[in-house]
Amino acid sequence: MYTMPQFFHANPRDKKTSFMAALSMLLIIKILCLATFAEATTSKPLPSRFAKLSRSTTTPGASSSSTDTSPCKGTPYKAACQSLLLTLNTNNNADLPKTPKELFDYSVHFTSSQAHSAIDQLATIFLSQTYQEIDMTHLPGGGMRDCMELLDDTLDQLSNVINRKNDPTHTHNDVQTWLSAALTNQETCKESLLENVKKTRLEKFDVIDSMAKNLSQFISNSLALYVSSYGLPSTSPRGRKLLTDQSNTINDFPSWVSLSERKLLEASVGEIEAHAVVARDGSGTHTTIAEAIRQVAASLDGGGRNVIYIKAGTYNENLKIPSKQKDVLLYGDGKGKTVIVGSKNAVDGSTTYDSATVGVMGDGFIAKDITFVNRAGPNKHQAVALRVGSDRAVIFRCSIDGYQDTLYTLSKRQFYRETDIYGTVDFIFGNSAVVFQNCNIFARNPGTGQKNFVTAQGRTSPDQNTGISIQNCKIVAQSVTYLGRPWKEYSRTVVMQSFLDGSIHPAGWFPWAGGSSPKSLYYGEYMNSGPGSSTSGRVNWPGYHSSLTPVEAQMFTVGSFISGNVWLPPTGVAFDSGLGG
């Protein structure tokens, strides 16, 4: 995350076989193009995460009349939507969409085809090669490598949406999650490029940015069309229908943790059969975690859960689990016993995304009884210990240890239980839909001139189903700390049924850089306790809710917010998806 200029050193991000020369150039062009394609912002690049995002609800010159009855009514970028309709007419398409749902389907297909077409067009401008001819195994560094990783995931998300009708078990929440993640990924690509702008030298940036703006608007429109066509919630949870959720105990897992996986989470080390065992002393099948991840991925060929046991010890490794490697379970001997340590950081040249000690994109990731550390320290600014862009991810009985930007909850649906999180500036940040239950959140003493913020949530669109929910947790600090500040225009965070110690600043929340906060944010508190829980001195922002009603708070529980009780068929597992007793 970029650090705020008034508090930190100058930094482009404020929170936060060899190739032929021609092929290398093509790689760069391709990655830069894809990196910027889905940014749902203005045509001007964002200078930092805290520069005010300008997401207008209408395109300049487009009518915003309430009497608008066109198929594009309600889309954030009407001109882009109208150009889509014009394309249909121009092509004399006999199967023109007749309903909003049909228009959504066509919009997603059109968006996907436009993305691939644009990639090939740009490649053709510089070299006579196409997207399919690029070797994906060797990539340049910095922001460009980030963009390629995020692109892989974005293409998966769009494919999921297109193929959703082949899977009768998919839910509306699934589709909204996939499209939300696609936007988040591309926003992250652009930020990584801006962090490394001096290295990347975007000679054709204007051309790429123009194409990126057009495509990002189609993606944003697709998400808006889906939300409106199916009557899904948008910016505020008010009025959203409750999902059916009968509760048991609040300490149990959401229903999307299957019975077999619950047994894995609750089992002792000796009861779990691992596909690989990592031990520094050579007593396992591998001596490094990275080697075990590669071997298991190759041997299982993507089928079944990848179970890797990491024996006690300190492992100095930076790990990446890509989008294609799903259902990975890493488990250790306990907090402070099995420790994975890295030190990559912004000051030494890493992008925030790439600074992660462990970065996970493959869906279904589970971590148990492990400590994740970024030891760069407070003066190195952005330094991520764990980054998660995995859908239906579970982090159980772990410790996540760092300073600024400790935990990057990048995208999709995530659940954290009985996990300790240490940090200073914005140390829980990202744009996932995430629920923390029964976790210990510790704010350390910040660096010189810094302020502590527990959260910085990055929602850029009212149609994204993302946000941070902290439930039944304990928040304590060594110095004055704020519960959060809004990273993006539609930032959404709720703290409920949690203990807040006396270090929490009476205002609770800190404003957007420049002294203001967007009216479109959504911050809320519900039935918190402790000396820092009083809301009498809290901010008076329009989007802040000092005392949520039980119905409003229910929207941010496991069952409602991340639809935990409908992600998988009923398993009979006892869990509390609601507020509990």
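Because the structure is a prediction, the values reported are computed rather than measured.

Things to note about the pairing of strand β21 (residues 474-477)
Looking at chain direction, strand β18 (residues 440-443) and β21 are connected through four bridges and run parallel. The partner of Ile-441 across the bridge, within β21, is Ile-475. Relative to strand β24 (residues 499-500), β21 runs parallel, the two sharing two bridges. Residue pairing in the sheet places Ile-475 in a bridge with Leu-500 of β24.

A look at helix α5 (residues 172-195)
Look at α5: 35 Å from first C-alpha to last across 24 residues, which is about the 34 Å you get at 1.5 Å a residue. Burial analysis of α5 places 23 of its 24 residues in the buried class, the great majority of the element.

Section: the UniProt feature "active site" (unreviewed entry) in the protein chain
Following the UniProt record, one finds the feature "active site" (unreviewed entry) at Asp-426. By the element assignment, Asp-426 lies in the loop between β15 (420-423) and β16 (428-430). In this structure Asp-426 comes out as buried when scored by relative accessible area, which is 0%.

Section: the environment of Asn-306
Looking at where Asn-306 falls in the secondary structure, it is placed in strand β2 (residues 306-310). Put simply, Asn-306 and Leu-330 are 24 residues apart on the chain and 8.3 Å apart in space, counted from C-alpha to C-alpha.

A short note on the pairing of strand β9 (residues 371-374)
As a general feature of sheets, a regular strand has side chains that alternate between the two faces. Alternating residues of β9 divide into Thr-371 and Val-373 and Phe-372 and Asn-374, and every residue in both groups is buried. Of the strand pairs in this sheet, β9 and strand β12 (residues 399-401) are connected by three bridges, and their pairing is parallel. Note on β12: the bridge partner recorded for Thr-371 is Ser-399.

Some details on the sheet that holds strand β5 (residues 328-331)
One open sheet holds the 11 strands; their spatial order is β1-β2-β5-β8-β11-β14-β17-β20-β23-β25-β26, and the pairing between them is parallel. At either margin of the open sheet sits one strand with a lone partner, and together these are β1 (276-278) and β26 (544-545). Here strand β20 (residues 467-471) pairs with strand β23 (residues 492-496) via four bridges, running parallel. If you follow Ile-468 over to β23, its bridge partner there is Thr-493. The strands touched by helix α8 (residues 259-266) are β5, β8 (366-368) and β11 (393-396); relative to β8, the strand with the most contacts, the crossing angle is about 25 degrees.

Considerations on the sheet that holds strand β22 (residues 481-484)
Spatially, the seven strands line up as an open sheet ordered β4-β7-β10-β13-β16-β19-β22, and their pairing is parallel. A single partner strand is all that each edge strand has here, and the edge strands are β4 (319-321) and β22. Ignoring which end each strand starts from, the neighbouring axes of this sheet average 15 degrees apart. Where strand β13 (residues 407-409) meets β16, three bridges bridge the pair, whose relative direction is parallel. Among the inter-strand pairings, Thr-409 is bridged to a residue of β16, identified as Gly-430.

Observations concerning the side chain of Asn-185
Inspection of the secondary structure assignment puts Asn-185 in helix α5. Look past the residues within four positions of Asn-185 in its chain and what remains in contact with it is Leu-150, Asp-153, Thr-154, Met-361, Leu-410 and Ser-411.

Looking at the packing of aromatic side chains
Taken as a whole and judged by the stated rule, the model has 17 aromatic pairs. Pairing Phe-556 with Phe-561 gives two aromatic rings, centres 5.3 Å apart and planes at 50 degrees, and the pair type is tilted. The two residues Phe-556 and Phe-561 agree in class, both being buried. Of note, Arg-387 hangs over the ring of Tyr-353, and the distance from its end group to the ring centre comes to 3.6 Å. Across the ring face of Tyr-403, the terminal group of Arg-444 is positioned such that the distance to the ring centre comes to 4.8 Å.

Concerning the state of the cysteines
What is meant by a disulfide is a covalent connection between two cysteines, made through their sulfur atoms. All told, the structure shown has one disulfide when counted by the stated rule. Paired by a disulfide, Cys-72 and Cys-81 hold their sulfur atoms 2.1 Å apart. Handedness here is read from the sign of the S-S torsion; for Cys-72 and Cys-81, about -85 degrees, the answer is left-handed. The exposure classification of Cys-72 matches that of Cys-81, with both residues buried. Cysteine Cys-473 shares no disulfide, and the gap to the nearest cysteine sulfur, in Cys-439, comes to 4.5 Å. Residue Cys-473 is classed as buried on the basis of its relative accessible area of 4%.

Considering the pattern of salt bridges
The full count for this structure, using the stated rule, is 21 salt bridges. Asp-354 is the salt-bridge partner of Lys-320, the closest N and O atoms lying 2.8 Å from each other. On the criterion of sequence distance, the pair formed by Lys-320 in strand β4 and Asp-354 in the loop between β6 (338-342) and β7 (358-360) is long-range, its members being 34 residues apart. Here Arg-397 makes a salt bridge to Asp-369, at a shortest N to O gap of 2.9 Å. With Arg-397 in the loop between β11 and β12 and Asp-369 in the loop between β8 and β9, this residue pair connects regions lying 28 residues apart in the sequence. Taking the relative accessible area as the measure of exposure, Arg-397 reaches 29% and is therefore partly exposed.

Procedures and definitions
Residues numbered from 1 in each chain as written. Predicted model: local features only at pLDDT ≥ 70, side-chain atom pairs only at ≥ 80, totals over all residues. Heavy atoms only, no water. Pairing = 2+ DSSP bridges. Helix = DSSP H or I, 4+ residues; strand = E, 2+ residues; numbered from the N terminus. Expected span 1.5 Å × (residues − 1). Buried < 20%, exposed > 50% of the residue type's maximum accessible area, 1.4 Å probe, protein only. UniProt positions renumbered as here; feature names shortened; annotations may be inferred. Contact = heavy atoms within 4.5 Å. Axes fitted to C-alpha atoms, helices over the stretch in contact; angles between N-to-C directions. Phe/Tyr/Trp six-rings, centres within 6.5 Å; stacked < 30°, edge-to-face > 60°. Lys NZ or Arg CZ within 6 Å of the ring centre and 35° of its normal. Disulfide = S-S within 2.5 Å. Salt bridge = Lys/Arg side-chain N within 4 Å of Asp/Glu carboxyl O.

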